[in-house]
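Spelled out from the first residue to the last, the chains are:
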Amino acid sequence: MSNQSNAAESRSKMIQLKNVNKWYGTFHVLKDINLDVYKGERIVVCGPSGSGKSTMIRCINRLEEHQAGDIIVKDIPLTNDLKNIDSVRREVGMVFQHFNLFPHLTVLQNCTLAPIWVRKMPQKEAEEVAMNYLERVKIPHQAHKYPGQLSGGQQQRVAIARSLCMNPEVMLFDEPTSALDPEMIKEVLDTMVQLAESGMTMICVTHEMGFAKTVADRVIFMDAGQIVEENEPEEFFHNPQNERTQLFLSQILQH
Amino acid sequence: MANQSNGQGKAKTSFWNDPAVRSVVFQLLAIGAVVAFFLYIINNALSNMEARGITTGFAFLNDSAGFGILQTLVPFDETYSYGRTFIVGLLNTVLVSVLGIFLATILGFIIGIARLSKNWLIAKLASVYIEIFRNIPLLLQIFFWYFAVLRALPSPRDSFNFNDSVFFNVRGLYMPEPIAQDGFGAVWIALFAAIAIIIGVVRYEKKYQLRTGKTFPLFFPSLGLLIGLPLITYFIVGSPMYLEYPELKGFNFQNGMVVIPELIALLLALTIYTAAFIAEVVRSGIEAVPHGQSEAANALGLTNGQRLRLIIIPQAMRVIIPPLTNQYLNLTKNSSLATAIGYPDLVSVFAGTTLNQTGQAVEIIFMTMAVYLTLSLTTSALMNWYNKRIALIER
Amino acid sequence: MSEFKPLPDQPPPPNTVGLVGWMRAHLFTGPVNSVLTVIAALIIAWGIAWFVNWGLFNADFIGTTRDDCSGAGACWVFIYARFDQFIYGFFPEAEIWRINLMFFIFAACIISMMIEKTPKKGWIALFTLVGFPIISYYLLNGGLFGLEVVETHKWGGLTLTLVIAVVGIVASLPIGILLALGRRSEMPIIRSISIVYIEFWRGVPLITVLFMASVMLPLFMSAGAETDKLMRALIGVTMFQSAYMAEVVRGGLQAIPKGQTEAAQALGLSYWKTMFLIVLPQALKLMIPGIVNTFIALFKDTSLVLIIGLFDLLAIVQSALNDPNWLGFSVEGYIFVAFMFWIFCFSMSRYSQALERKLNTSHR
C-alpha cells in the first residue's frame, strides 16, 4: 500500500468497521456498526451518554473487544492475534477524557516512554521527538515538571503530545474536553484544530459542536448503540434527517 | 484488501500470538508446576518416612495417649486415645479464645472510646496504652505475666485469701464451684423463658411505638425479669445447688474450681494485646462517621443517647465489624502461643506432645492447620457476605 | 449611604483562653470529667514516681555479678553484664566487628531512604533489597575474603531477630508481587492457585508454620539435602509472610486507576511492560506504609522462633533468666526486651503513619 501514489492514498480507507456488535453481558452496546474512515478524514461522533460512542472508539484500538463483525485498521484486521493488536496500537493514538498521564513520570518521560519501550528508539532521539511535539502543543517549558503540577488543560495537551510521539496515523479522542474547566477547553480545542489542519486522521467523541462545525468532514450521531445519522456538518446541523437527531440537537444547542 | 471476514482473519492468527492459546498454555504450565512440586515432596516424604520407619495414616488416633493434660474440659486421663487429645486441645483453644474475645472486646471498646474523650488526660492515657502494648511482641507479654508476675505469687500455704472462699497463689486461682442438684433444670427453663418474654416484649414495644408514637421503659424491667424469674424459680424449687469450697490439703488446694496460671497469663496477655488493636479499630470506626452526622442529629433535636443509638453507632459499626472480626481471628490464632508456657491448647497438646510421642508429623500438622484454616475461611466467608449485604443497603 | 466601619476587636472572656481556658476545655468540663482527670492524674503521678524510683534512682547499673545489686530497685547489672550476648548472640568475640559493620550499612541505607532529599533513592532501595542482603550474608556467615565461617547456630540475640525479619520481608516482596498479580489475573487457574496459596498461609498461625518448617520440611526434601534450623525457619517465615505481602501489594495495585493501564495499552505497551513501567512504580509508593506495617508485625512475630529452638533476642534473655547466677531478674530482663522491640516497632509505625499522611495529601 505504502508505495502507491498520493492521489490514490488520499481516498484509501484507514479504518473499516463492518457489522460490529458488542455486548456487556446481555446488554447490547454496539449494534451493527458500519463505518469507513478515509485517510486524512476528521470525524466527530456525538450522541447522548450511554449511546455507545466511547465503546465504539475504544474497540478501534482494542481496549474493548468486539464480539461480532470486523474492524480493520490500515489493512490489519483486529483479531485475537496479539501481533496484530500491537501493530494496530502502534498506529492508533488515543486521548482520554481523564488524560491518564502517568503521575510518577515527568512530562518528558511520559512522552518518551512508549517510543523507547515500544518503538525501541534511542533515548536521545525520543527526547528530541518529544520536545518537538511538546513545542507544537505549546508547553515545552513544562517538560521537566510532573503531571500533578500542571493544569487540566495543560495535562490534556501533554496527553495529546504523548500520543503523537508514537507517530500514529490515526488519533482517537474520547471526550477530551469533558473533564476540563470551561476556560481550559479552548486551549485543548486549539491544539486539536491545529492537528486537524496538519492532515491527521481523527475520530473525536465530543460535545463541542463548534469544533464539529469548523473541523469535521463528517458528523456521526449515535444513540442506543447504533449510528442514527451521518452527514457533513453543514447538513447535519441545519438539516438533520432523523427525528432523534433533531431532538438531540435542539436540546444541546438551545443554551 | 481481499480477506476481511472475521473467520479468515482468525485463520491468519499465528498459534502462539492468540491470547487464548497463551493463557491456556500458561495455565497448563502452572498446573504442571504445582502438581510436579507436590508429587516431588510427597514422593520424598514417603521415602523419608519409610526410611525412618514412620507408618502413615490416621490409625494412631485410636492408640492410647499415655500422658496427662493439665486442664481438660471433657473427661481425660492417660488411658484415653490420641484422638481424644485432639478434642481436649481444641476445647482448651476454644475456651481461651472465647474468654479472650469477650474480655478484649470490653477493654478495647473502653480504651477506644477513651481515646476519643474530650478529656485530654484520659485520651492521652488511652493512646499511651495503645502505643505501648501493640508494639511489644505478644509472646513477650505472655512470658512477662507468666514468669515475672504469676511465678512470683506466694505458695498455696500463703495464698492471697479472699473471705476464705477465693484463693490466689502460684498454682492458680481457686474459687468455690457451684454444684447443681436435682431440680436445677427448672432454673434453666426459667432463664430461657425470661429471655423469650423479653424478646417478645421488645418486638411488641417497637410495634406499639410505630402505632401510637409512644414508648415505654424497657431496659430495667427486662433486667429485672432476666434476674428475677430464675431467682424466684430457684427458691421455689428449694435452692437445688450448693457451693463446694476449695480447701488446703497438704501442699495444695482440693475441690472447688481452679483457673490454672497458664490460662490466666495467656488470657491477660491476649486481652491486653488485642484490646490495643480493638481500641484502634473502634476509634477509627467512630471517627469515620462524619461530624456533620452529629450536627444534623443535634439540629433535628435528638437527645445525646438517641444520637448515639440511632445515628452514630449504626454507621460506626459498619466500619468496625469487619476489622473487629479480623482481630477476633488474630486472637484465636495467637492463642496458639500457649505452647510456649504449656497451656494445653490444640498446638501445645496435639502438635506438641502428641506429635513428639507418635512422630506422625504430616497427619498432625495437617489436622492442626485444618482447624485454624476452617475457622479463618468460615469467618472470611461470613465477612464477605456481611460486606455485600451492607453494600446493597447503601444503594 | 453610610460608610462601613468595622467594630474594634474585643478580648475574649479571660477563662476561655490561655492555660486556664485550655484546662477548662480539656480537663475540667463538668464534674464527672473533673473527677476522672484528678483520678487519672493521681494514678499517673504515682505510677511514674514508682517506676522512676525503681528503675532509675534506686537501681544499679554497672557491675559483673548479682552481688553488685543493692536490691532496692532494678538490677540493670544483669543486662549490663550480658549485653553483648543479647545483641550478638554467641558470635565469636573477634568477629563481632562484622555484625557492627552490617548494622552500620543497614542504618545508613534506612536513614538515607527516610530523608526526603536523598538523590537516586531508587538505587538505594534496590541496594537495600538486593545488595545489602548478599553483603550481610557474607559478613555474617563468612567464607569469603578469608572471613572465618561462623555457623548459624552461633547466631543469636538482636542480630538473629533482625536477620529473620529482614530476610522475611526482602524474600517475600517478589513472591508477594507475583502472587498479587496472579490474584488479579484474568486466567482462572493462575488466580485460583494464588488465592489458595494466600488464603492458606493467612489462615494458619505462624507457630504451626514454624512447626511445619521444622518437622515436615526435612521430610519433604530429598534425602541428603540437609538444611539447618535457621534456614528452615526462614523458609517458613518467607512462605507465611509472602501471603501477607501479596495482600499489601494487591491493595496498592487496586489503588491505581484503570485509566493508567488503558493509556499504557493504547500506547502499545505489553502486559509486563505496563506492570513494571507504569503500574508497579506507582503502586509500590502507595504500598510502603503497608509494607512497613507488615514488617512491624513480622518483627514482633520473630520472637516465636524460640519455640523451635532458635535464640532470638527474647529467647536469649529467657535462657539467661534461667542461669542459676541470675535467678529472679525476670522483670528487668523482660523490660529490656520489651524496650528494644518497642523502640523499633514504635518508630517504624510513626514513620509509616507520617508517610501515609504525606501520601494522602499529595494524592489530592
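As a starting point, this report considers the structure included with it. Here the structure is a predicted model, which is why all the values come from computation and not from measurement.

Focus on the pairing of strand 6 (residues 92-95) of chain A
Along any regular strand the residues' side chains alternate between the sheet's two faces.
Residues and elements named next belong to chain A.
Argument step 1. Side chains Val92 and Met94 of strand 6 all project onto a buried face; the interleaved residues Gly93 and Val95 project onto the opposite face, where all are buried too.
Argument step 2. Alignment of strand 6 against strand 7 (residues 170-174), held across four bridges, turns out to be parallel. Within strand 7, the position partnered with Val92 by the bridge is Val170.

Describing the nonpolar core
Argument step 1. Core analysis: the biggest nonpolar cluster contains 213 residues, and Ile15, Leu17 and Met56 of chain A together with Phe86 and Ile278 of chain C have the highest contact counts within it.
Argument step 2. The element best represented in this core is helix 8 (residues 261-287) of chain B, accounting for 15 residues.
Argument step 3. Counting contributing residues per domain, this core is built from domain 1 (2-51) and domain 2 (82-137 + 260-394) of chain B, each supplying no fewer than three.
Argument step 4. Those residues in contact with Ile15 of chain A, other than ones at most four positions away along the chain, are Leu35, Asp36, Val37, Ile60, Ile72, Val73, Val170 and Ile203 of chain A.
Argument step 5. Core analysis: the second largest hydrophobic core is formed by 45 residues, Leu101, Val107, Ala130 and Ala159 of chain A among them.

Digging into the pairing of strand 3 (residues 172-175) of chain B
Residues and elements named next belong to chain B.
Argument step 1. Taken together, the three bridges between strand 2 (residues 166-169) and strand 3 define a ladder with antiparallel strand orientation. Pairing of Asn169 across the sheet is with Gly172, part of strand 3.
Argument step 2. Hairpin connection, strand 2 to strand 3: the antiparallel pair is bridged by two residues.
Argument step 3. Here strand 3 pairs with strand 8 (residues 257-259) via three bridges, running antiparallel.

Quick look at the sheet that holds strand 4 (residues 68-73) of chain A
Residues and elements named next belong to chain A.
Argument step 1. With antiparallel pairing, the four strands of this open sheet are ordered in space as 2-1-4-5. Where the open sheet ends on each side, the last strands, each with one partner, are strand 2 (27-38) and strand 5 (76-77).
Argument step 2. Taken strand by strand, helix 2 (residues 53-60) contacts strand 1 (13-24), strand 2 and strand 4, and its axis lies near 120° from that of strand 1.

A few points about unusual backbone geometry
Residues and elements named next belong to chain A.
Argument step 1. If you check the backbone angles, Asn100 has positive phi at about 55° while not being a glycine.
Argument step 2. Position of Asn100 among the secondary structure elements: in the loop between strand 6 and helix 4 (107-117).
Argument step 3. When its relative accessible area of 11% is taken as the criterion, Asn100 is described as buried.
Argument step 4. The phi dihedral of Ala224 is positive, around 50°, even though this residue is not glycine.
Argument step 5. Its location among the elements puts Ala224 in the loop between strand 9 (218-223) and strand 10 (226-231).
Argument step 6. Ala224 gets classed as partly exposed once you look at its relative accessible area, which sits at 39%.

Examining the pattern of salt bridges
Argument step 1. Counted by the stated rule, this structure contains 22 salt bridges over all chains.
Argument step 2. In this structure, Glu41 of chain A and Arg218 of chain A form a salt bridge, with 2.9 Å as the shortest nitrogen-oxygen distance. Of the two residues, Glu41 of chain A is situated in the loop between strand 2 and strand 3 (42-46) and Arg218 of chain A in strand 9; the sequence distance between them amounts to 177 residues.
Argument step 3. Classification of Glu41 of chain A by relative accessible area gives buried; the value is 10%.
Argument step 4. Classification of Arg218 of chain A by relative accessible area gives buried; the value is 14%.
Argument step 5. The network of salt bridges with shared partners includes Glu131, Arg134, Glu280, Arg283 and Glu287 of chain B together with Arg350 of chain C.

As for the packing of aromatic side chains
Argument step 1. Using the criterion set out here, one finds 30 aromatic pairs over all chains in the structure.
Argument step 2. Consider the rings of Tyr234 of chain B and Phe235 of chain B, whose centres lie 5.2 Å apart with planes at 75°: the pair is edge-to-face.
Argument step 3. With centroids separated by 5.8 Å and ring planes inclined at 80°, the aromatic side chains of Phe90 of chain C and Phe311 of chain C adopt a geometry described as edge-to-face. Here Phe311 of chain C lies in the loop between helix 11 (271-301) and helix 12 (313-321) and Phe90 of chain C lies in the loop between helix 3 (77-88) and helix 4 (96-114), a separation of 221 residues in the sequence.
Argument step 4. Exposure remark for Phe90 of chain C: the relative accessible area of 34% places this residue in the partly exposed category.
Argument step 5. The exposure class of Phe311 of chain C is partly exposed, given its relative accessible area of 33%.
Argument step 6. What links up through ring pairs into an aromatic cluster is the set Phe143, Phe144, Trp145, Tyr146 and Phe147 of chain B together with Tyr334 of chain C.
Argument step 7. Just above the ring of Phe237 of chain A sits the side chain of Lys213 of chain A; from NZ or CZ to the centre is 5.2 Å.
Argument step 8. Sitting over the face of the ring of Tyr244 of chain C, Arg202 of chain C holds its NZ or CZ atom 5.7 Å from the ring centroid.

Focus on helix 7 (residues 182-197) of chain A
Residues and elements named next belong to chain A.
Argument step 1. Between its first and last C-alpha, helix 7 extends 23 Å over 16 residues, near the 22 Å set by a 1.5 Å rise per residue.
Argument step 2. Of the residues making up helix 7, those classed as buried are Met184, Ile185, Val188, Leu189, Thr191, Met192, Leu195 and Ala196. Projected down its long axis, helix 7 carries its buried residues within an arc of 155°, all on one side. Along helix 7, exposed side chains directed more than 90 degrees from the buried face belong to Glu183, Lys186 and Glu197.
Argument step 3. The inward-facing, buried residues of helix 7 contact strand 3, helix 5 (123-136), helix 6 (152-164), strand 7, strand 8 (201-205) and helix 8 (209-215).
Argument step 4. Gly199 sits one or two positions beyond helix 7 and adopts a positive phi of about 95°.

What to know about the side chain of Ser376 of chain B
Argument step 1. Turning to its location among the elements, Ser376 of chain B is positioned in helix 12 (residues 361-394).
Argument step 2. In contact with Ser376 of chain B, other than residues within four places in its own chain, are Leu329 and Lys333 of chain B together with Gly203 of chain C.

Examining a nonpolar patch on the surface
Residues and elements named next belong to chain B.
Argument step 1. Side chains of Trp188, Phe192, Ile195, Ile199, Phe219, Phe220, Leu223, Leu226, Ile227, Leu231 and Phe235 sit close together on the surface and give an oily, nonpolar patch of about 1200 Å² of accessible area.
Argument step 2. Broken down by secondary-structure element, the contributors of at least two residues to the nonpolar patch are helix 6 (185-212) and helix 7 (219-236).
Argument step 3. Counting residues per element, the nonpolar patch draws most heavily on helix 7, at seven residues.
Argument step 4. If you trace the backbone, Phe220 turns up in helix 7.
Argument step 5. Taking the relative accessible area as the measure of exposure, Phe220 reaches 64% and is therefore exposed.

Some thoughts on the interface of chain B and chain C
Argument step 1. Each partner contributes to the interface: chain B provides 50 residues, whereas chain C provides 55 residues.
Argument step 2. Buried area between chain B and chain C, summed over both chains or domains, comes out near 4500 Å², and the portion from carbon and sulfur atoms is 74%.
Argument step 3. Linking chain B with chain C are one salt bridge.
Argument step 4. Our count for the contact surface shared by chain B and chain C stands at 10 residue pairs in polar contact (both at pLDDT 80 or more).
Argument step 5. Among the secondary structure elements, those contributing two or more residues to the side of chain B that touches chain C are helix 2 (19-52), helix 4 (120-134), helix 5 (138-149), helix 8, helix 11 (346-358) and helix 12 of chain B.

Details of the packing of helix 4 of chain B against helix 8 of chain B
Residue and element names in this part refer to chain B.
Argument step 1. Close contact between helix 4 and helix 8 brings their axes to 9 Å; oriented N to C, the two are set at 125°. When the axis of helix 4 is compared with that of helix 8, the two are oblique. Crossing geometry of helix 4 relative to helix 8 is assigned as left-handed. Here Tyr129, Ile130, Phe133 and Arg134 of helix 4 come into contact with helix 8, specifically with Ile272, Tyr273, Ala275, Ala276, Phe277, Ala279 and Glu280.
Argument step 2. The residue makeup of the contact of helix 4 with helix 8, split by class, is nine nonpolar, no polar and two charged.

Brief notes about the sheet that holds strand 8 of chain A
Residue and element names in this part refer to chain A.
Argument step 1. Ordered by their spatial adjacency, six strands build an open sheet running 6-7-8-3-9-10, and the pairing between neighbours is mixed. Both outer strands of the open sheet, strand 6 and strand 10, are each paired with one neighbouring strand and no more. Here the strands of the sheet are splayed against their neighbours by 20° on average, with no regard to which way each runs.

Cut-offs and rules
Note on numbering: residues in each chain are counted from 1, in written sequence order. Starting at A for chains and at 1 for ligands, labels are handed out in the order in which the entities are written. Local features are withheld for residues below a pLDDT of 70 in this predicted model, meaning they are given only at 70 or higher, and side-chain atom pairs are given and counted only at 80 or more; totals for whole chains, interfaces and linings count all residues. Side-chain metrics rest on all non-hydrogen atoms present in the structure, leaving aside hydrogens and water. Per-residue accessibility, obtained with a 1.4 Å probe over protein chains only, is compared with the maximum for each type, and a residue is labelled buried under 20%, exposed over 50%, and partly exposed between these values. To qualify as a helix, a DSSP run of H or I must reach at least 4 residues; to qualify as a strand, a run of E must reach at least 2; elements of each kind are numbered from the N terminus. Only strands that DSSP links by at least two bridges are regarded as paired with each other. We define the nonpolar core as a collection of buried residues of types Ala, Val, Leu, Ile, Met, Phe, Trp, Tyr and Cys that are connected through side-chain atoms lying within 4.5 Å of one another. All domain edges in this entry derive from an automatic or database-based domain assignment. We call two residues in contact whenever any of their non-hydrogen atoms come within 4.5 Å of each other. For helices, the fitted line uses only the C-alpha atoms of the stretch in contact; every axis is such a line through C-alpha atoms, and the angle between N-to-C directions lies from 0 to 180 degrees. Throughout this description, the term salt bridge denotes a Lys or Arg side-chain nitrogen within 4 Å of a carboxyl oxygen of Asp or Glu. Only Phe, Tyr and Trp rings take part, Trp by its six-membered ring, and two of them pair if their centres are within 6.5 Å. Stacked means planes under 30 degrees apart, edge-to-face means over 60, and tilted covers everything else. Placement of a positive charge over a ring is assigned whenever Lys NZ or Arg CZ falls within 6 Å of the ring centre and within 35 degrees of the normal to the ring plane. Here the expected length of a helix is defined as 1.5 Å per residue gap, with one fewer gap than residues. The reported arc concerns the directions from the helix axis to the C-beta atoms and nothing else. Each patch is built from residues lacking any salt bridge and having more than 30% relative accessible area; the joining distance is 9 Å for like charges and 5 Å for nonpolar side chains (Val, Leu, Ile, Met, Phe, Trp, Tyr). Calculation of accessible area relied on Shrake-Rupley with a 1.4 Å probe; when residues are assessed, cover is drawn exclusively from the protein chains displayed. In this description, buried area is defined as the sum, over both parts, of the accessible area (probe of 1.4 Å) that is lost when the two are combined. Side-chain atoms alone can form a polar contact between residues adjacent in sequence; in general such a contact is a pair of N or O atoms within 3.5 Å, and within protein one must be able to donate a hydrogen while the other accepts it. Roughly parallel covers angles under 35 degrees, roughly antiparallel covers those over 145, roughly perpendicular covers 65 to 115, and oblique covers all other angles. Whether a crossing is left-handed or right-handed is set by the direction in which the near helix is turned from the far one by less than a right angle, anticlockwise for left-handed and clockwise for right-handed. Gly falls in the polar group here, along with every residue not listed as nonpolar (Ala, Val, Leu, Ile, Met, Phe, Trp, Tyr, Cys, Pro) or charged (Asp, Glu, Lys, Arg).

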